[in-house]
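# Fold and contact review
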Amino acid sequence: MANDGATIEALFSEGRKFEPPSHLKETAAINSADIYRQGEDYERYWAEQAERIRWRRRWDKVLDWSNPPFARWFDGATLNVTESCLDRHAATTPDKVAYYFEGEEGDTRTLTYAALLGEVCKLANGLSSLGVTKGDRVAIYMGMVPEFPVALLACARIGAVHSVVFGGFSPEALADRINDAQAKVLITCDQSRRKGQLVELKAFADRALESAPSVEHVVVVERTGNAVALKPERDITYAALTADQPSTREATETSSEDPLYILYTSGTTGRPKGILHTTGGYLVGVATTHAEVFDLRSDDVYWCTADIGWVTGHSYIVYGPLANGATSVLYEGVPDYPDKDRYWSIIEKYKVTQLYTAPTSIRTFMKWGTEFPDRHDMSSLRIIGTVGEPINPEAWMWYRRVIGHDRCPVVDTWWQTETGNMMISPLPAVTATKPGSATIPLPGIGADIVNDDGDSVPLGGGGYLVLTHPWPAMARTIFGDPDRFVETYWTRFSDPGAGVWRYFAGDGAKRDEDGYYWLLGRVDDVMNVSGHRISTLEVESALVDHPAVAEAAVIGRNDPITGQAIAAFVTLRSGVEGNETLLLELRDHVADKIGKIARPASIVFTDELPKTRSGKIMRRLLRDISEQRKLGDVTTLANADVVQEIANRAQSMR
Ligand code: ATP
Ligand code: MG
């Protein structure tokens, strides 16, 4: 195969295609491809979508791009995002459920829009009594309980900027993020529940605060009610803070470009970046995409299984669904507590219509087998979504067949903390889907694939994914580090002299003859084997295509002869044993499926792969192990033991 060295080679070919089901075409609000044409005039498109939310003062200008790459959307407008998310629904449909909360132990709580607004106002008043005012940063470190969305919204109510730190992070990681944002108040829980265990959130927070002096007050939600130490003057329980506060609070007026939150990226590729999002454009972006991609209808029960600690939770558990007046499920715990069918029992119980989850979970469900979903009636589901990593075609097919019963379109949504909302995804009643492809950019979004020189790669080829024009929910900067913002995303494929600004996503992708995008993973992960640039994802997908394999991670390790050699790490499905015969079979399977050049030089069987706390495979650590280097930044690693385990196995194979 010829290789000009400028692009990523496209090896894997996938021929299956699924048209939108006819029942959806007939009933969905968006059921015509015209919408893509409307999206081409993107400023106008987003200005129309801006009618979805409530403004106090209208904008003077839809987009101010006079100081690229620092965009201003709906400039001159004012609003408070909570008026769109709460007040207007509390006025028109006060008894509509905003959240069905399901605790891990089976306890439940239902919050209507009226009740949610009341809670938010009480906490907003409480925070304000602690001295929090517009522009102050508030750190939030919680388990998945109803007070979690309340905390975000209470900050937004008074114009404070929230900085959520995922509740699975260590005290050190929490301290780093508090210090970076210089947060004044921390909201946490006494403890959180996870897989039948208690996580000592307050104790962790206390440790973090030893080295995070900016925090003046700590608000403690009593989730379990077990005694935890409260430091006098500094700490107050949520109950005590809110008890005497009125359940109304005038919303603080913010400008469209005032900051709404800071959120750190997952840290899959290195040190996390503190992404800053603002109010007006962000809310327009998440409300629009949530409605479009999930074909949202008024009586739906929508469930996003992410944690609010990640951008998926911010955009698609809190802001998007609430702006749209949706009813959501909020689940506290893990998928395998008390048993491996917990998700499916929740879907049956609440008659969930849309499920939004991650490839890491889907691969885990595949590993466990079909008996768990098969126990439940999931006929309420209409659309099933995925986000977070590329999804291998076989995992996609499994999701469609076993969870979606071949009836629900799979919406594979590509986006990032930085993009704020989904960028490449099918529209379920319009866009035909292909297993493993995120399909095409959403209306109002511009994307391209370019080679090293920045030239657009013709259909059929692979290269670097770029976004070609601004969009409302785009990150405005990296908090406190605008230079890093420009350098990381806006330098490599932009040409300021020529007025060309292209956002570099850091991901590789290829486009097929239909113009469909296939995400190929991080460009840092692309391998170079005897001069061929091969995506790790394609080799992984070939491995997952084998019936014995549940999950695979592939890396290129230095090799004196081929430049890099392909090293694979494979997790098998339940009940399959990893032996020498299977190893040879897998190598041949990859060679058959995508070519001899991609045959792994080594395969290590492992029960788990190293992942970030958001569930993404950390290939860079596997590279470090394979090349016997000191491990890079591990602060976002979820399962430290497994790294040692894999290192031992890899060592014994040498
Ligand atoms: P860091 O930027 O700190 O390395 P991260 O990139 O994992 O961490 P996130 O913003 O949580 O942080 O994740 C965005 C990335 O996740 C995307 O750039 C992409 O690599 C991957 N991703 C998300 N959704 C998809 C998808 N549907 N298909 C392919 N990749 C996806
Ligand atoms: Mg990233």
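Conventions we followed
- Residues numbered from 1 in each chain as written.
- Chains lettered and ligands numbered in written order.
- Predicted model: local features only at pLDDT ≥ 70, side-chain atom pairs only at ≥ 80, totals over all residues.
- Heavy atoms only, no water.
- Near = heavy atom within 4 Å.
- Polar contact = N/O pair within 3.5 Å; in protein donor to acceptor, adjacent residues only side chain to side chain.
- Areas by Shrake-Rupley, 256 points an atom, 1.4 Å probe, with all protein chains shown as cover.
- Nonpolar A, V, L, I, M, F, W, Y, C, P; charged D, E, K, R; others polar.
- Helix = DSSP H or I, 4+ residues; strand = E, 2+ residues; numbered from the N terminus.
- UniProt positions renumbered as here; feature names shortened; annotations may be inferred.
- Core = buried A, V, L, I, M, F, W, Y, C linked by side-chain atoms within 4.5 Å.
- Buried < 20%, exposed > 50% of the residue type's maximum accessible area, 1.4 Å probe, protein only.
- Contact = heavy atoms within 4.5 Å.
- Pairing = 2+ DSSP bridges.
- Phe/Tyr/Trp six-rings, centres within 6.5 Å; stacked < 30°, edge-to-face > 60°.
- Expected span 1.5 Å × (residues − 1).

## Quick word on the site of ligand 1
Around ligand 1 lies a shell of 21 residues, among which T265, G267, T268, T269 and T417 are the nearest. Measuring from a nitrogen atom of ligand 1, one finds a backbone N or O atom of P390 at 3.3 Å. In this structure, an oxygen atom belonging to ligand 1 sits 2.5 Å away from a side-chain N or O atom of T417. Burial of ligand 1 by the protein chains amounts to 95% of its free accessible area of 630 Å². In terms of residue class, the shell around ligand 1 is made up of five nonpolar, nine polar and seven charged.

## Topic: unusual backbone geometry
For the peptide bond that leads from P68 to P69, omega is 0 degrees, which places it in the cis range. With respect to the helices and strands, P69 occurs in the loop between β1 (61-64) and β2 (72-75). In this chain, Y337 is followed by P338 through a cis amide linkage whose omega measures -5 degrees. With respect to the helices and strands, the residue P338 is situated in the loop between β17 (327-331) and α12 (342-350). The phi dihedral of K195 is positive, around 55 degrees, even though this residue is not glycine. Within the secondary structure, K195 is located in the loop between β9 (192-194) and β10 (197-199).

## Things to note about the UniProt feature "domain: AMP-binding enzyme C-terminal" (unreviewed entry) in the protein
Mapped onto this numbering, the UniProt entry annotates "domain: AMP-binding enzyme C-terminal" (unreviewed entry) at residues 538-616. Helix and strand shares over residues 538-616 are 28% and 32% respectively, and the end C-alpha atoms of the span are 16 Å apart.

## Notes on the nonpolar core
Looking at soluble globular proteins, one finds that nonpolar side chains tend to be buried together. Of all hydrophobic cores here, the largest spans 139 residues; its most connected members are F74, L116, L127, I140, I187 and Y319. Once residues within four sequence positions are removed from consideration, I187 is found in contact with L123, L127, V138, A139, I140, Y141, M142, A151 and V219. Of all hydrophobic cores here, the second largest spans 55 residues; its members include W344, I346, M397 and V529.

## Observations regarding the pairing of strand β19 (residues 383-386)
Taken residue by residue, a regular strand's side chains alternate between the two faces of the sheet. Side chains I383 and G385 of β19 all project onto a buried face; the interleaved residues I384 and T386 project onto the opposite face, where all are buried too. In the sheet, strand β18 (residues 354-357) pairs with β19 via four bridges, with the strands oriented parallel. Following the sheet pairing, Q354 is matched in β19 by I383. Where β19 meets strand β20 (residues 410-412), three bridges bridge the pair, whose relative direction is parallel. Its bridge partner lying in β20, I384 is registered against V410.

## Notes on the packing of aromatic side chains
Under the counting rule described, the total for this entry stands at 34 aromatic pairs. The interplanar angle of 55 degrees and the centroid separation of 6.4 Å between the aromatic rings of F485 and W490 together place this pair among those described as tilted. For F485, a relative accessible area of 1% corresponds to the buried category. In this structure W490 comes out as buried when scored by relative accessible area, which is 3%. Aromatic side chains W490 and Y503 sit 5.4 Å apart centroid to centroid with 75 degrees between the ring planes, which places their arrangement in the edge-to-face category. Here W490, found in the loop between α16 (482-489) and β24 (503-511), pairs with Y503, found in strand β24; they are 13 residues apart in sequence, far enough to count as distant. An identical accessibility class is assigned to W490 and Y503; each is buried.

## Describing the sheet that holds strand β15 (residues 274-278)
One open sheet accounts for eight strands, arranged β12-β11-β8-β6-β7-β14-β15-β23; its pairing is mixed. Either end of the sheet is taken by a strand with one partner, and the two such strands are β12 (235-237) and β23 (477-478). Of the strand pairs in this sheet, strand β14 (residues 259-264) and β15 are connected by five bridges, and their pairing is antiparallel. When the sheet's bridge partners are listed, P259 is paired in β15 with T278.

## Here we look at the UniProt feature "domain: Acetyl-coenzyme A synthetase N-terminal" (unreviewed entry) in the protein
The sites that carry the UniProt feature "domain: Acetyl-coenzyme A synthetase N-terminal" (unreviewed entry) are, in the present numbering, residues 40-85. As annotated, residues 40-85 has a helix share of 30% and a strand share of 22%, and its two end C-alpha atoms lie 28 Å apart.

## Points about helix α4 (residues 81-92)
An ideal rise of 1.5 Å per residue puts 16 Å on 12 residues; α4 measures up with 17 Å between its terminal C-alpha atoms. Among the 12 residues in α4, 10 count as buried, and that is most of the element. Taken together, the buried positions of α4 are V81, T82, E83, S84, C85, L86, D87, R88, H89 and A90. The secondary structure elements touched by the buried residues of α4 are β3 (78-79), α5 (113-129), α6 (147-157), β14, α10 (280-293) and α11 (311-323).

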